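Chain and residue survey
The primary structure of each chain is shown beneath.
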Amino acid sequence: MQFVRVLLLSFAATGGVWPATAQSKYTAGGTPTGLEEEIRWKVNRGRFDSASENLLRGTAYTDVPAFSGPLAPNQSITLSARHQSEDMAKANLFQHATVPGSLYYNPVTQPNPWDRMSAEGYSWYYAGENIAAGYSGAESAYVGWWNSTGHRENMYNSVYREVGNGYYFWTASTYQKYYTMDLGNSGNNCFFTDTIFQDTNSDGIYEQTEGLPGVAVLLLVGNTQIGSYDVSSAVGSFAVPIQSIIGGATVQVVLSNTTTASVTLSIPRGYTNYSTVALAAAQSRVYGTFIQPATTRNMGLRDVTPAQASPVAARLGLMRTGTNMLLSWPSALGQSYQMQWTTNFVAWNSSTNTIQAGTGSNMTWFDGSTTALGPKCYRLVIRKP
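Residues numbered from 1 in each chain as written. Predicted model: local features only at pLDDT ≥ 70, side-chain atom pairs only at ≥ 80, totals over all residues. Heavy atoms only, no water.

Scanning the protein chain from N- to C-terminus turns up six helices and 22 strands. Viewed in the frame of its principal axes, the protein chain has a C-alpha envelope of about 90 × 50 × 40 Å. Of all 385 residues assigned to the protein chain, the portion counted as buried reaches 48%. In the protein chain, of all internal contacts separated by at least 6 residues, the share reaching a separation of at least 24 is 70%. Of the roughly 16500 Å² of accessible surface on the protein chain, 54% is carried by carbon and sulfur atoms. Averaging the coordinates of the 23 positive side-chain charges in the protein chain and doing the same for the 23 negative ones gives two points 12 Å apart. (Helix = DSSP H or I, 4+ residues; strand = E, 2+ residues; numbered from the N terminus. Buried < 20%, exposed > 50% of the residue type's maximum accessible area, 1.4 Å probe, protein only. Contact = heavy atoms within 4.5 Å. Areas by Shrake-Rupley, 256 points an atom, 1.4 Å probe, with all protein chains shown as cover. Lys, Arg positive; Asp, Glu negative; His and termini not counted. Charge placed at Lys NZ, Arg CZ, Asp CG, Glu CD.)

Turning our attention to the sheet that holds strand 17 (residues 324-330). The strand order across the open sheet formed by three strands is 16-17-21, and the pairing between neighbours is antiparallel. Looking at strand neighbours, the two that pair on one side only are strand 16 (317-321) and strand 21 (362-367), the edges of this open sheet. Across the sheet, the axes of successive neighbouring strands diverge by a mean angle of 20°, strand direction being ignored. As paired elements, strand 17 and strand 21 share six bridges and run antiparallel to each other. Bridge assignment links Ser328 to a residue of strand 21, and that residue is Thr364. (Pairing = 2+ DSSP bridges. Axes fitted to C-alpha atoms, helices over the stretch in contact; angles between N-to-C directions.)

Tracing the backbone shows Pro70 in the loop between helix 2 (50-57) and strand 2 (72-73). On the basis of relative accessible area, Pro70 is assigned to the buried category, the value being 10%. Put simply, Pro70 and Gly368 are 298 residues apart on the chain and 55 Å apart in space, counted from C-alpha to C-alpha. Contacts of Pro70, omitting those with residues within four sequence positions, involve Asn44, Arg47, Arg161, Thr193, Asn298, Met299 and Gly300.

Our focus in this paragraph is the packing of helix 1 (residues 34-48) against helix 5 (residues 138-146). Running from amino to carboxyl end, helix 1 crosses helix 5 at an angle of 40°, the nearest separation of the two axes being 9 Å. When the axis of helix 1 is compared with that of helix 5, the two are oblique. Every pair of crossing elements has a handedness; the one defined by helix 1 and helix 5 is right-handed. Only Ala138, Glu139, Tyr142 and Trp145 of helix 5 make contact with helix 1, whose side of the interface consists of Leu35, Glu38, Ile39, Lys42 and Val43. When grouped by side-chain class, the residues that make up the contact of helix 1 with helix 5 number six nonpolar, no polar and three charged. (Parallel < 35°, antiparallel > 145°, perpendicular 65-115°, else oblique. Left-handed = near helix turned anticlockwise from the far one by under 90°. Nonpolar A, V, L, I, M, F, W, Y, C, P; charged D, E, K, R; others polar.)

So, on to unusual backbone geometry. The backbone of Ser202 shows a phi angle near 55°, a positive value even though the residue is not glycine. Along the chain, Ser202 falls in the loop between strand 6 (191-195) and strand 7 (215-221).

The next point concerns the packing of aromatic side chains. Inspection of every chain in the model, using the stated rule, returns 18 aromatic pairs. With a centroid separation of 6.3 Å and 80° between ring planes, the pair formed by Trp41 and Phe197 is classed as edge-to-face. Note that Trp41 is positioned in helix 1 and Phe197 in the loop between strand 6 and strand 7, a separation of 156 residues in sequence. For Trp41, a relative accessible area of 2% translates into the label buried. For the ring pair Phe192 and Phe238, a centre distance of 5.9 Å and an interplane angle of 45° mean the geometry is tilted. You can see Phe192 sitting in strand 6 and its partner Phe238 sitting in strand 10 (residues 237-241), a full 46 residues away along the chain. The same class applies to Phe192 as to Phe238, namely buried. Cluster of aromatic residues (ring-pair linked, three or more members): Trp41, Phe197, Tyr206 and Tyr274. (Phe/Tyr/Trp six-rings, centres within 6.5 Å; stacked < 30°, edge-to-face > 60°.)

Once that is clear, we can look at the pairing of strand 16. Examined bridge by bridge, strand 16 and strand 17 share five bridges and lie antiparallel to one another. Its bridge partner being in strand 17, Leu318 is matched across the sheet by Leu327. Between strand 16 and strand 17, which follow one another and run antiparallel, lie two residues, and Gly322 among them has a positive phi close to 75°.

Now for the pairing of strand 12 (residues 263-268). Of all six residues in strand 12, five are buried; the element is thus mostly enclosed. Counted between consecutive antiparallel strands, the loop separating strand 12 from strand 13 (residues 274-279) contains five residues.

Of the residues in the protein chain, 90% have a pLDDT of 70 or more, and the chain-wide mean is 89. Long-range and interchain partners of residues 11-22, a stretch whose pLDDT sits below 50, account for 35 contacts in this model, where long-range means more than four residues apart. (pLDDT = per-residue confidence, 0-100.)

Below, the discussion takes up the side chain of Asn44. By the secondary structure assignment, Asn44 is in helix 1. The class of Asn44 is buried, set by a relative accessible area of 8%. With residues near it in sequence (within four places) discarded, Asn44 still touches Pro70, Leu71 and Arg302.

Structure below.
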């Protein structure tokens with residue numbers, strides 16, 4: 001028999017502000033596991049568009065905001081969540097209070113979730129927690145919270161801007177699988193955050209094996225890089241602090257492949273639709289821009305307006321091979337090409353029925369019918385995404 005339980009807790013108080021990191025790689029986001037990141041991704045998709053979340057789940061809840069910014073990963077509260085899940089599992093208890101005999105915290109002096117967050121170094125202003133047990137995985141745990149009024153309101157509360165999910169499995173415990181979601185707000189800190197992944201099975205959903213590491217996310221105002229940058233973790237998580245950016249500023253989002261292999265990114269444009277962006281090894285690209293909010297809230301890739309890429313001119317090379325012609329040109333990833341020819345500059349004929357995606361290297365087309373139709377002129381049609 002499967003046992004399932006959920007509990008929530010939320011608290012607010014005046015606290016310190018975590019200082020912003022300047023001109024360096026942001027490291028406080030930490031490295032979630034695949035399951036932990038999958039829960040964050042599901043919450044962030046729903047926070048972007050709760051009406052679509054209701055539609056997907058067959059519900060009609062009206063107690064959550066229509067939109068709230070994505071939650072950024074935070075290593076300190078991830079640790080507090082992981083430790084609480086482990087403590088509950090090993091003590092065979094299910095509670096928000098620090099368990100007696102905790103491996104990590106003093107249950108007398110650190111009895112609450114926010115005490116555990118503070119113990120891990122998190123300077124919270126608002127703090128909250130959801131817990132669950134017995135669910136089979138990230139999807140069922142999230143849906144359990146979604147269908148519970150207090151848990152749903154907790155994880156969709158726009159006052160929270162950071163999250164740490166912690167999972168622990170202990171076969172000797174009643175529920176075996178334990179989940180903790182710790183939520184926080186660290187003063188005026190806010191982030192540009194999301195998940196970098198490739199939707200390999202084309203189902204429109206992030207899964208634990210689809211995260212793409214090694215993609216740097218840099219933000220620029222004008223030509224100046226601001227604040228910190230981040231590089232996607234093993235499961236695709238990233239966060240870049242943005243509280244230093246003036247409200248109303250136009251911010252460019254640059255994606256840079258720091259790996260030695262080409263990657264294809266599935267970047268969300270809305271709740272269900274995605275853009276596909278290819279990056280060759282060591283290639284950087286301005287993906288798009290967003291407007292820095294005047295209020296303190298997080299932004300994500302769904303808030304970005306993609307850049308209208310300008311076609312890169314390609315120098316067309318022609319070389320005779322007997323009575324035929326070999327045409328070649330350099331191509332760029334993210335652009336498409338089609339060779340066309342004419343004998344009268346009125347009617348243009350396409351060399352192929354379909355337009356060809358750029359490969360990042362030279363492309364060629366062999367015209368083996370140059371003598372049958374007399375003199376020909378050629379042109380290369382380049383299309384942007």
